[in-house]
Amino acid sequence: MGKKLLNNLGLKLVSIFLAVVIWFAVVMISNPKDSVTFSGITVNLVNTELLDSEEKLYEVQDNSDKVRVTVEAPRKVINQLRSSDIIAEADVSRLTEVNTIAINCSLLNNAVEISSITSNPDVVRLKVEDKASKWVNVKRNTVGEVAEGYMVYGSVSDQTRMEISGPESVISQIDHAGLEMDVTGATDNVSGNVEIRFYDSEGKLVSNTEDIIKNADNMHMEVTVYAMKEVPIEVLITGSPAEGYLATGAVECEPSTVMLAGTASALADINKISATIDITGESEDEERTINLRTYLDSSIRFADSNFNGRVNATVHIEPRVERTLAVPVRNISVENLPEEFELAFDEGQLTYRLRISGLNHAVTAVDQSAVQGRLDIGAWMQEQNMNGLREGEYEIPVIFELPGNVTVENEISAKVTISKADEEEEE
């Protein structure tokens, strides 16, 4: 048997070798090795909680978590592979000092025989930084113009402050959260949910805020829109100044008008604001600060938010002055004298001394030569309860016509003689 096995040993070894080569060739021809590349494979980051525990946040750079994976395997295997069969992972625990993580690729089915599997790129690049959080104010703003004659009086929102967190580089830029409401053409209150945006200290919009953690993306905001109306301020004077003094009637008010804001119906009946100043016992100009708020309904506002509702008013007071006028008798006329009588003035009294008083400018303005007096016989007879006029000498009060701001201080009576007119004609 040994001799038979060793007989032609070289030929037998060659035969075995040729058989193996032929088998391998047949296998290769029927199922050759091939490769396939899948694009857009998403790399799954694992163990990210390690960064969370260190209060750090990460951001994938340059879409390096989207890779092309190449698989080399027998053609039979290649023909059956799909992109969903590929697993690409990057373990955060293997993060390098330059913030890269090697990508490990495999197949869902580990039993599938492959020659190799690689990715391009072969690392995920991260931007890693500390996590920061802070509270910021919520500021409200309006855009657009309300209807003519209306104004934006104010606004409110669900929150005035909110907490935000995110990458320190972004959080450090944020000064406040902002809400904007469009009020174009509005004649009434405007409300709605508004997108929350973030701004720096110069009011510029901060970009890259997608990773900021906040309690909501929108916030409810309401804008109050009021009608406006400008009205004058009227200052009324009550009381009398000290003896020997008079109010000039001139009242200065600064400002003299005020712009009000409120609903159109509330403003409809307001045409002025009337305030009062009591000058009882005053002997010089009286200056007062008037709080207009006390004269307005609580539903009315001042359009200017910087106006505190107080105005300064001055009532001018001057000393009463006196002047004595010499009124000639020719300036005195006679009224309502019965036709059968005639009247003659006492020849010994050619002028009448009339004492007047008032404010200096009013008293000075009286032209004594133009002052007119009159004797109203009919009115005098009624005061005297006279049923008929009789002849005789009488003293009848003279009525003088003077400006309303001038007062007559003394009563003047004219001595007259009344007689029958027809008797004098017979003589």
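These figures come from a predicted structure and were not determined experimentally. (Residues numbered from 1 in each chain as written. Predicted model: local features only at pLDDT ≥ 70, side-chain atom pairs only at ≥ 80, totals over all residues. Heavy atoms only, no water.)

Draft legend 1. Broad picture of the overall build of the protein chain. In terms of regular secondary structure, the protein chain is built from 9 helices and 29 strands. Here the C-alpha radius of gyration of the protein chain, 55 Å, is well above what a compact globule of 427 residues would show, namely 22 Å. Judged by the C-alpha coordinates and their principal axes, the protein chain covers about 210 × 40 × 30 Å. Here the protein chain, with 427 residues, has 32% of them falling under the buried criterion. Sequence-distant contacts, at least 24 apart, represent 75% of the contacts inside the protein chain between residues at least 6 apart. Summed over its atoms, the accessible surface of the protein chain is roughly 26200 Å², and 45% of this surface lies on carbon and sulfur atoms. Positive and negative charge centroids in the protein chain, built from 36 and 70 side chains respectively, lie 24 Å apart. (Helix = DSSP H or I, 4+ residues; strand = E, 2+ residues; numbered from the N terminus. Rg over C-alpha atoms; globule rule 2.2 N^0.38 Å. Buried < 20%, exposed > 50% of the residue type's maximum accessible area, 1.4 Å probe, protein only. Contact = heavy atoms within 4.5 Å. Areas by Shrake-Rupley, 256 points an atom, 1.4 Å probe, with all protein chains shown as cover. Lys, Arg positive; Asp, Glu negative; His and termini not counted. Charge placed at Lys NZ, Arg CZ, Asp CG, Glu CD.)

Draft legend 2. Examining the environment of Y226 more closely. Tracing the sequence through the fold places Y226 in strand β14 (residues 218-238). Setting aside chain neighbours within four positions, we find Y226 in contact with G149, Y150, M151, Y153, A261, G262, T263 and R301.

Draft legend 3. Layout of the packing of aromatic side chains. Applying the stated criterion across every chain, the model contains 3 aromatic pairs. Ring geometry for F302 versus F307: centroids 5.0 Å apart, planes at 85 degrees, classification edge-to-face. The pair F302 / F307 is uniform in exposure class, with both members buried. Judged by centre distance (5.2 Å) and plane angle (70 degrees), the rings of W380 and Y394 are edge-to-face. Of this pair, W380 sits in helix α8 (residues 377-383) while Y394 sits in strand β26 (residues 392-397); the two residues are 14 residues apart in sequence, bridging distant segments of the chain. With relative accessibility at 18%, the residue Y394 sits in the buried group. (Phe/Tyr/Trp six-rings, centres within 6.5 Å; stacked < 30°, edge-to-face > 60°.)

Draft legend 4. Region of interest: unusual backbone geometry. In this structure, P121 follows N120 across a cis peptide bond, with omega equal to 5 degrees. Among the structural elements, P121 can be located in the loop between β7 (116-120) and β8 (123-143). Residue P255 is bonded to the preceding E254 through a cis peptide linkage, with omega at 0 degrees. Position of P255 among the secondary structure elements: in the loop between β15 (245-254) and β16 (257-262). The phi angle at E55 is positive, at roughly 55 degrees, despite the residue not being glycine. As for its position among the elements, E55 is in the loop between α3 (49-53) and β3 (56-60). Looking at E55, the relative accessible area reads 46%, which means it is partly exposed. Of note, N336 is a non-glycine position whose phi angle comes to about 55 degrees, a positive value.

Draft legend 5. Broad picture of the sheet that holds strand β29 (residues 413-420). Taken in spatial order, the 3 strands of this open sheet run β23-β29-β26, and their pairing is antiparallel. Looking at the sheet topology across the chains shown, the edges are occupied by β23 (341-345) and β26. Neighbour-to-neighbour, the strand axes of this sheet turn through a mean angle of 35 degrees, independent of strand direction. Looking at chain direction, β23 and β29 are connected through 5 bridges and run antiparallel. Across the sheet, residue F345 finds its bridge partner in β29, namely V416. (Pairing = 2+ DSSP bridges. Axes fitted to C-alpha atoms, helices over the stretch in contact; angles between N-to-C directions.)

Draft legend 6. Representation of the sheet that holds strand β25 (residues 372-376). The 3 strands lie next to each other as β22-β25-β27, forming an open sheet whose pairing is mixed. Unpaired on one side and paired on the other, β22 (332-335) and β27 (399-401) mark the two borders of the sheet. For this sheet, the mean angle separating the axes of adjacent strands, direction not counted, is 30 degrees. The sheet contact formed by β25 and β27 spans 3 bridges and is antiparallel. When the sheet's bridge partners are listed, G373 is paired in β27 with F400.

Draft legend 7. Just the pairing of strand β6 (residues 100-107), in detail. In terms of strand pairing, strand β5 (residues 86-91) meets β6 through 5 bridges, oriented antiparallel. Within the sheet, the bridge partner assigned to E89 lies in β6 and is N104. As defined by bridge partners, β6 adjoins β8 across 3 bridges and the pair is classed as antiparallel. Counted as the bridge partner of I101 is V124 from β8.

Draft legend 8. A look at the pattern of salt bridges. Counted under the stated rule, the structure contains 14 salt bridges. K56 serves as the salt-bridge partner of D130, at 2.7 Å between the closest nitrogen and oxygen. One end of the pair, D130, is in strand β8; the other, K56, is in strand β3, and 74 residues separate them in sequence. Overall, the relative accessible area of 35% leaves D130 in the partly exposed class. Judged by its relative accessible area of 25%, K56 falls in the partly exposed class. R197 is paired through a salt bridge with E195; the nearest N and O atoms lie 3.8 Å apart. Here the residues in one salt-bridge network are E335, R374, D376 and E401, joined through shared partners. (Salt bridge = Lys/Arg side-chain N within 4 Å of Asp/Glu carboxyl O.)

Draft legend 9. Region of interest: the side chain of H176. Here H176 is to be found in strand β11 (residues 176-182). With relative accessibility at 10%, the residue H176 sits in the buried group. A distance of 2.9 Å separates a polar atom in the side chain of H176 from a polar atom in the side chain of D175. Once residues lying within four places of it in the same chain are set aside, the contact partners of H176 are V136, N137, K139, R197, F198, Y199 and D200. (Polar contact = N/O pair within 3.5 Å; in protein donor to acceptor, adjacent residues only side chain to side chain.)

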